[in-house]
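Secondary and tertiary structure notes
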Amino acid sequence: MRFGIRTIDEIDVHNKTVLCRVDINQPIDRKTGALKDTTRIEACIKTLRELSGNGAKLVLLAHQGSDIEYKNFWTTEPHSAVLSKLLEKPVRFIDDVCGPAAREAISSLKTGDILLLDNVRFVSEEQTLFETNLKLSHEEQAKTLLVRKLAPLADIYVCDAFAAAHRDQPSLCGFEQVLPSAMGRLFEEEFCVVAALMEKPERPCVFVLGGAKINDAFMMMQAVLGGGAADTVLSGGLVGEVLLWAKGEDIGERAREFIKKEGYEPLVDTAKELLSKYRDKIMLPCDLASVENGARVEHKAGAVPKNSLVLDIGSETSAKYQKVIRSAKTVFVNGPMGVFEEALTEAGTKAVWDALADTQAYTVIGGGDSITATKKYGRTPDIDYICTGGGALIRFLTGEELPVVKALRYGSKLTKKQI
Ligand code: ADP
Ligand code: MG
């Protein structure tokens, strides 16, 4: 047991039917149906190889979004070819989730076989539960169609979907109520890395928080500064702008309008509270950049012209942040310093990522766009740990008990099926 959850070492899967929930949600090319990236599929291979190698009859449950996640869903069929290739053995796909065809396919599995079911979010209960905010308790989730139909065919439930651990849904939290459960290797690894970051980071420990999810960033700041994990927070992106606004610095009319339009204005008060409690630990940008007539222009924070829209941190701020990162022992990053997708406003993000590559510190990155930036600057090999979970990681770092962690702790106490 680790963190109150069973690991794969503690389950005997030989000849047992194992339901394994993975997060292999990847960007899809909607025209060709091809997967544009396979990072998450690669990340769960070690768990699948181990379970299948130990003689499980393995059934994989997964979801796949489309371009607009949560609104359009895509079949998991293309994933089976990638899985087969990586595992060097056939992974059968069936275009059914929990109907008679899927159940028949599960019942006919032999030792070591692997079956991938279609997108679990095709089953309405899986989706509507979070789309409509209709909260079902974990006991109630165990009564949904998916769990009622599949659990009787299975012996054990394994969750390897750390990236989805903040989702309160039947495929993630329902099976643990009725089946002995365990976490997979990827889940265990990601859990350990982030737990260590919160509990005993090597110091100085620096959190770099930027990007556009201001509320999440403020919740993380509160947790890591209040709990003592962070020695310093470096702020950038919209997060930095709202902090500057709270401090009373002029960030320009257009940035304020943008923040208001996005509905983030109430967070200025949250920023004020954070600054009053932790002013000496939070670093704010001292200069900012905008684009004027096709050229990058930098301004002192507090002196942004009325019509300039701030889109990056300035070069003086970048140099200061680089220095802090280079003398740290642990650095966690979530969120870019500016609109790094555009050439004229990527300098701040690039500077921070350059420092991440050459610091001696243990470096951890999480968040979809932060991972994209890491790839863009060719820094993937230099980062010590890239977490596949964005939302889950952020929720974890805010100090919440994740729904899937809670469910797994329950299912880890079960020794036999409760049906
Ligand atoms: P992550 O996906 O790594 O968690 P976020 O989603 O929170 O990061 O933020 C990434 C987005 O924030 C990027 O698309 C980037 O263009 C945008 N962004 C960063 N800085 C600014 C800014 N100053 N103004 C507007 N958008 C910004
Ligand atoms: Mg993002």
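Parameters at a glance
Sequence positions are assigned chain by chain, starting from 1 and proceeding in written order. By the order in which they are written, chains take letters starting at A while ligands take numbers starting at 1. At least 70 in pLDDT is required for a residue's local features to be given in this predicted model, at least 80 for side-chain atom pairs to be given and counted, and no such filter applies to totals for whole chains, interfaces and linings, which use all residues. Excluded from the side-chain calculations are hydrogens and water; all other atoms, namely the structure's heavy atoms, are used. Helix and strand definitions here come from DSSP, where helices need a minimum of 4 consecutive H or I residues and strands a minimum of 2 consecutive E residues; each element is numbered from the N-terminal end. Two residues form a contact once any of their heavy atoms are found within 4.5 Å. Any pair of nitrogen or oxygen atoms within 3.5 Å is treated as a polar contact; in protein, a donor-acceptor pairing is required on top of that, and neighbouring residues in sequence qualify only through side-chain atoms on both sides. Pairing of aromatic rings covers Phe, Tyr and the six-membered ring of Trp, with a centre-to-centre limit of 6.5 Å; geometry is then stacked below 30 degrees between planes, edge-to-face above 60, and tilted otherwise. Partly exposed describes any residue whose relative accessible area lies between the buried limit of under 20% and the exposed limit of over 50%, with all areas from a 1.4 Å probe on protein chains only and scaled to the type maximum. Segmentation of the chain into domains, including their bounds, is taken from an automatic or database domain assignment. Salt bridges are counted wherever a side-chain nitrogen of Lys or Arg sits within 4 Å of a carboxyl oxygen of Asp or Glu. Strands pair, by our definition, only if DSSP identifies at least two bridges between them. Here an axis means a line fitted to C-alpha atoms, over the contact stretch when the element is a helix, while the angle between two N-to-C directions is reported on a 0 to 180 degree scale. With respect to orientation, any angle under 35 degrees is reported as roughly parallel, any angle over 145 as roughly antiparallel, any angle of 65 to 115 as roughly perpendicular, and every other angle as oblique. Two helices cross in a left-handed way if the nearer one is turned anticlockwise from the farther one by less than a right angle. They cross in a right-handed way if the turn is clockwise. Ten residue types, Ala, Val, Leu, Ile, Met, Phe, Trp, Tyr, Cys and Pro, are classed as nonpolar, four, Asp, Glu, Lys and Arg, as charged, and the remainder, Gly among them, as polar. Being near a molecule or strand, for a residue, means having at least one of its heavy atoms within 4 Å of it. Using the Shrake-Rupley algorithm and a 1.4 Å probe, accessible areas are obtained, with residue cover drawn only from the displayed protein chains.

**Quick notes on the environment of Asp96**
Mapped onto the elements, Asp96 comes out in the loop between strand E3 (91-94) and helix H4 (100-107). Sequence separation of Asp96 and Gly184 is 88 residues, and the distance between their C-alpha atoms is 24 Å. What Asp96 contacts, discounting residues up to four positions off in sequence, is Ala101, Ala102, Leu117 and Asp118. A polar atom in the side chain of Asp96 sits 3.2 Å from the backbone nitrogen of Ala101.

**Here we look at the packing of aromatic side chains**
Summed over the entire model, instances satisfying the criterion amount to eight aromatic pairs. On the numbers, 5.3 Å between centres and 50° between planes, the contact of Phe207 with Phe332 is tilted. With Phe207 in strand E7 (residues 205-209) and Phe332 in strand E13 (residues 330-334), this residue pair connects regions lying 125 residues apart in the sequence. In this structure Phe207 comes out as buried when scored by relative accessible area, which is 0%. Taken together, the aromatic side chains of Phe3, Phe162, Phe187, Phe191 and Phe396 make up a single cluster linked through ring pairs.

**What to know about the domain arrangement of the chain**
Per the domain assignment, the segments of the chain are domain 1 (8-190 + 401-411) and domain 2 (203-360). The C-alpha-based centres of domain 1 and domain 2 are spaced at 37 Å.

**Structural notes on the pattern of salt bridges**
Under the criterion given, the structure shown has 22 salt bridges. A salt bridge links Asp23 to Arg40; the shortest N-O distance between them is 3.3 Å. Within this pair, whereas Asp23 is found in the loop between strand E1 (17-21) and helix H1 (39-43), its partner Arg40 is found in helix H1, the two being separated by 17 residues in sequence. Here Asp23 matches Arg40 in class, with each residue buried. Notably, a salt bridge pairs Glu262 with Lys261, separated by 3.5 Å at the nearest N-O pair. Overall, the relative accessible area of 64% leaves Lys261 in the exposed class.

**With respect to the sheet that holds E7**
Pairing is parallel across the open sheet formed by six strands, whose spatial order is E9-E8-E7-E13-E14-E15. A single partner strand is all that each edge strand has here, and the edge strands are strand E9 (282-283) and strand E15 (385-386). As paired elements, strand E8 (residues 232-235) and E9 share two bridges and run parallel to each other. Opposite Val233, over in E9, you have Ile282 as the bridge partner.

**Details of the packing of helix H14 (residues 315-326) against helix H15 (residues 347-358)**
Across the interface, H14 lies against H15 with an axial gap of 9 Å and an inter-helix angle of 20°. Classified by the angle between their axes, H14 and H15 sit roughly parallel to one another. As for how H14 packs across H15, the hand of that crossing is right-handed. Residue-level contacts link Ser318, Tyr321, Gln322, Ile325 and Arg326 of H14 to Gly348, Ala351, Val352, Asp354, Ala355, Leu356 and Asp358 of H15. When grouped by side-chain class, the residues that make up the contact of H14 with H15 number six nonpolar, three polar and three charged.

**A closer look at the sheet that holds strand E12 (residues 310-313)**
With respect to topology, three strands assemble into an open sheet ordered E11-E10-E12, the strand pairing being antiparallel. In the strand order of this sheet, the two ends are held by strand E11 (295-300) and E12, each with one partner. Recorded for the sheet is a direction-independent mean angle of 40° between the axes of neighbouring strands. Both strand E10 (residues 287-292) and E11 contribute to a ladder of six bridges, which runs antiparallel.

**Some remarks on the site of ligand 1**
As a structural note, the neighbourhood of ligand 1 is formed by 18 residues, with Lys213, Glu241, Glu341, Asp369 and Ser370 the closest of them. One of the backbone N or O atoms of Ala212 is found 3.0 Å from an oxygen atom in ligand 1. Within the contact set of ligand 1, an oxygen atom lies 2.6 Å away from a side-chain nitrogen or oxygen of Lys213. For ligand 1, whose unbound accessible area comes to 580 Å², protein coverage reaches 87%. Counting only elements with at least two residues in the shell around ligand 1, the list comes to helix H11 (237-247), E12 and helix H16 (368-376). In terms of residue class, the shell around ligand 1 is built from six nonpolar, eight polar and four charged.

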